[in-house]
Structure formats: structure tokens, C-alpha cells
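# Observations on the model geometry
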Amino acid sequence: MNEVFRQCVATALSILLIILPWYPARAESQAAPAAEPAKLTLHQYLQKPYEDLFQVASSLNFSASEVEQERQALKRGEDSCRSRFKEHAKTYSRQLDAARKQLKESGTTLADEPRRELHCKIQNLEMLRSEADVLSGHAIPTAYDNLGAKLDLIQQWPAQQRQALADLESGAYQNRRWADVKDIGFREIAAGQKDDIKRGKEAVDELKQVGMLPPELDSKPIQDYVRSVAERIARNSDLKVPLRVSVLQSREINAFALPGGYIYVERGLLEAADDESQLAGVIAHELAHDTARHSAKMMKRATIASIFYQAAQVAAILLTGGIAGIGMYYALQYGFYGLGLVLDLKLLGVSRDYELEADQLGVQYAWKAGYDTSGFIRFFDKIASKQGYVNGVSWFRTHPPFYERMVQTQREIMFMPKQSERIVQTSEFLKMKDDLAPLAAKAEKEDVGKPSLLMTREEGCKPPPKLEYTPGQPIEKLCAMPLYDESGETQ
Ligand SMILES: [Zn+2]
């Protein structure tokens, strides 16, 4: 069932790919479109992509009180959705206590089969409880943050767009930080990049040693392709150290930079991206963390590996309530939250200013490399709106609020000199997707048999339904999901 749905999504995506190359051309016209009467309710507009909202916001005429009402409705929705899953978690906790008590009281008299059933019950309840915790604590707030940001956009972008257009007109935009985009490659974002090479190398070695870096994806064509995209961006950036790019065999939708020019792209991100400009946008953002030396600025004492390790522990605790002694790599592979969740926060993006700086420089590098700069916004939106609640929450969940990031990025896009041609899609990207599909399917299949974080102890239990968000679904649907018991029946 799930597989069928996934295939449908995949088909829909491949249709999207064909349409996309023509689609972003609209971003070219910065003038507000002619006023059109609102065809949708305010809430319906919140389901639209950021890119569309940037285009139509100034033609929408929702009153301040309508916006306020929607804001209140979102607040109520988030509160009730979160408390619902908090209640679910409590129910599972009570059931767990009862099951454990039963196990203890039955002592040695229990036959093997009912004992096994009781083990399965406990295992499944633990899984359901941690999923409910993750939903109420992380996924649901993220989904509502995203909707709130779109509401802010509808309300505030028209005025900010006018200001940006006025700044363009008057030339004031040239006073912003890093306005010297014609000198990319010849300017110094942060002195001493080469000092980071050793730190980066040490971090990579240490992470490999403790088994925290997923293995490389075993495909030379895919590695070569991603490297060529990254090299193209690096050539058009302020990076002054050799670039090292690696695609990792991990389902996580994530990419990260280690100091000194190490860029890691996880398989899940390649699966999630629709076109080359989206991939380029993410790589350019990560590369900007390196050119600006954000990690060196942030970490005076702690080693990178120690921060990774802490991050992984946080991820494991989120999932299990703190079960110790589980291979960290599997924790990362099977958690809803992998390394990336805390990685960008702890290692690179904990500072709001650094994240915004990487967004700005990322747009500039993608632009200089000839890419459609809106790829970054489209990818961000896709992850936040369609995949991000649970499954791919890692890459984009960073400190500056969604709205601030999106608006700043959009302004930077407006301030870039116009390009005659911009790359959105390439045949190489499409070939990479074709190469990737069977590899990803194979990896997922192999993963099924591997010990997972939550299913290692009693083999062969029938797992409960997964409490997770289905890509593309409005958050309200998730909020209305019934309470399942450990055998998958609704309670
Ligand atoms: Zn970042």
C-alpha cells in the first residue's frame, strides 16, 4: 500500500520534472501581477509553494482581521494536534507499564509463545510511544511553523517587495553585505580557509573510525555526477581550498559540509530533489558554510567528532527514550531524525546570522554557476511542506524562522544581475535519477533485514502501523489520525 503510494508520488514527480524547466521563468518578472480576486481561502493559500506566494502576495487582499483569525486558527490547530499526540504517548506509556507488570508477575511460569507475544507487545508500544513523542515534539511544530511563515509572507511580503524594488531602483541594494557579486572568487569572506583542511580531515577520519559516517554510495557515475555539480559551483564561489565531495548511502534528506571543503550529500537528498537547480542550491548553501568558515568560528574547543557524537546521542534519545548500547550508525539510519537534525543546528547553523549568510552566499554561488536561483526555494519548500514533518526534517530545520530565510533569499535573488539563460534541469540529472532508483530500492530492501534501532530485540514481531506523515498530505490529516494499539487496531 505504502509502496504503491510511493510509486504514485514518484510518477507524479517525474511528470513534474518535465514541466519544471518552463515553470520558473515567471520568477523573472519582479513586478506585481495584476490584481486578481482571491480565488481561494486564506487557509488554502497556505498550502501553496513559497515561490507562488511570492508572486501573488501583493495581489491578495485579505484584511488584517482575516489574517489574525487564520493565525489564531493555526495556533489552535497546533495546540490540539500536539496535545492529541502527547495524550497518545501517555496512553502508550500506561499500556507499557501494564505489559511490563504482566511480564514481571508471570515470572518463570509463562510459556515461550505468550512470553514472545508479550515481548512483541512491549516492543511495539515503545515504538508507537516514541513516534508519538517525535510527532508532538518536533514534526507537528515544524509543520505549523511552515504554515505560519506562509501567512507572514502573505501579510508582509507586499511591503517588503516594494522596498526591495525601491532599493533596486535607487541602487541602495548595493550597500548590503556581500553585494560585490561580480568579484566572487576574488573576495575574502573569511580569512584562513586553508587552516580548516586539517580539522576537516581529522573529523572525517574520526567519524569513520567510530562508524558514524554512512558508507559511500557504490556508484561511480552518481559520485562523478554530484562531484561535477559541486565543482561547477566551487569554481564559481569564494572557496579557496580543494573540494572533496562524497555521496553517502543513507536515506536521509540531508547534505552537510565539514570544514576545509568536505561536502557530503546523502542519497535521500538526491531522491528528493526534482531538478539540478535544487541540488545546486543545497550544495551552494553548504559550500558557503565553508567559505565563510562558520564551523571554525563557532567551535573553539570541541572537536567536530564530539559534536557529531552528541548529536547522534540526541537523535537516539529522541527515538528510544534513551536505550543505550545500540549501534549509532543504525540509530542514524533508522531514526526519523538522523545526524542532520542536530548537525546543522549544533555544528553549523546554530547561529541565525551564519545560516542567513550561507543562504545569501549560496544564492550568489548558484547564480554565478549559471543555475536558476529559485531552485533553493523550491527545494526548501518541498522539504518543509511535503517531506519535512517527519521523514526529512534534517536539512532545513535550522534556527532562523522559515519566513526570515525565505524572504531574505528571495530578496537576494531579486538583487542578482539578470541572466540570459539559467539551468533548471539537465539530462545528466535525469540520468542520475535513473541510476539511483534501483540502487535506492536495493538499499531499502536490504535495510529491512538489518537490525534497526527499535526492532532489534524480539525478531519477527508484526510491526504496528507507523505514525508518520505521508508526503503531500496536509498536516490536518496527520492530526486526525486515530490512536492505534500495538497490533494495529484503532482504539
Ligand atoms: Zn546551513
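What counts and what doesn't
Sequence order as written defines residue numbering, which begins from 1 separately in each chain. Local features in this predicted model are restricted to residues of pLDDT 70 or higher, and side-chain atom pairs are both shown and tallied only at a pLDDT of 80 or more, whereas totals for entire chains, interfaces and linings draw on every residue. By our criterion, buried Ala, Val, Leu, Ile, Met, Phe, Trp, Tyr and Cys residues that link up through C-beta atoms within 7 Å make up a nonpolar core. As a rule, residues whose C-beta atom has 12 or fewer other C-beta atoms within 10 Å are exposed, those with 20 or more are buried, and those in between are partly exposed; C-beta atoms are placed from the backbone. Numbering of helices and strands runs from the N terminus; a helix is a DSSP stretch of H or I covering at least four residues, while a strand is a stretch of E covering at least two. Two residues qualify as a contact pair if the distance between their C-beta atoms, derived from the backbone, is within 7 Å. To obtain an axis, a line is fitted to C-alpha atoms, over the contacting stretch when the element is a helix, and the angle between two such axes runs from 0 to 180 degrees between their N-to-C directions. When describing relative orientation, an angle under 35 degrees is termed roughly parallel and one over 145 degrees roughly antiparallel, while 65 to 115 degrees is termed roughly perpendicular and anything else oblique. Handedness of a crossing follows from how the near helix is turned relative to the far one, being left-handed for an anticlockwise turn of less than a right angle and right-handed for a clockwise one. Throughout, the ten residues Ala, Val, Leu, Ile, Met, Phe, Trp, Tyr, Cys and Pro are labelled nonpolar, Asp, Glu, Lys and Arg are labelled charged, and all others, Gly among them, are labelled polar. At least two DSSP bridges between two strands are required for those strands to pair.

## Things to note about the nonpolar core
Ranked by internal contacts, the top residues of the largest apolar core, which has 92 residues, are Ile-233, Ile-283, Leu-287 and Ala-366. It is helix α5 (residues 112-170) that contributes the most residues to this core, 17 residues altogether. Discounting residues that sit within four places of it in the chain, Ile-233 has contacts with Ala-280, Ile-283, Ala-284, Leu-287, Tyr-365, Ala-366 and Ala-369.

## Description of the packing of helix α14 (residues 352-368) against helix α16 (residues 402-415)
One way to put it is that α14 packs onto α16 with a least axis distance of 9 Å and a crossing angle of 30 degrees. By the angle between their directions, the pair α14 and α16 is classed as roughly parallel. Crossing of α14 over α16 shows right-handed handedness. Of α16, the residues touching α14 (which contributes Leu-356, Asp-359, Gln-360 and Val-363) are Arg-405, Gln-408, Thr-409, Glu-412 and Ile-413. The residue makeup of the contact of α14 with α16, split by class, is 3 nonpolar, 3 polar and 3 charged.

## Digging into the packing of α5 against α16
At a minimum axis separation of 9 Å, α5 and α16 run at an interaxial angle of 30 degrees. Accordingly, the angle class assigned to the pair α5 and α16 is roughly parallel. The interaxial crossing formed by α5 with α16 has right-handed handedness. Contact with α5, carried on its side by Asp-145, Asn-146, Ala-149, Asp-152, Leu-153, Trp-157, Gln-160, Ala-164 and Leu-168, involves Phe-402, Tyr-403, Met-406, Val-407, Arg-411, Met-414 and Phe-415 of α16 and no other residues of that element. Partitioning the contact of α5 with α16 into residue classes produces 11 nonpolar, 2 polar and 3 charged.

## What to know about the sheet that holds strand β2 (residues 255-258)
Taken in spatial order, the 3 strands line up as β1-β3-β2 in an open sheet, and their pairing is mixed. What marks the edges here is a single partner per strand, and that holds for β1 (244-248) and β2. With strand direction ignored, the average angle separating the axes of adjacent strands in the sheet is 20 degrees. Of the pairings in the sheet, the one linking β2 to strand β3 (residues 262-266) comprises 4 bridges and is antiparallel in character. Across the sheet, residue Ala-257 finds its bridge partner in β3, namely Ile-263. Lying on the sheet, helix α7 (residues 220-235) is in contact with β1 and β3; it crosses β1 at an angle near 135 degrees. Sheet strands in contact with helix α9 (residues 276-291) are β2 and β3, and its direction is about 20 degrees off that of β2.

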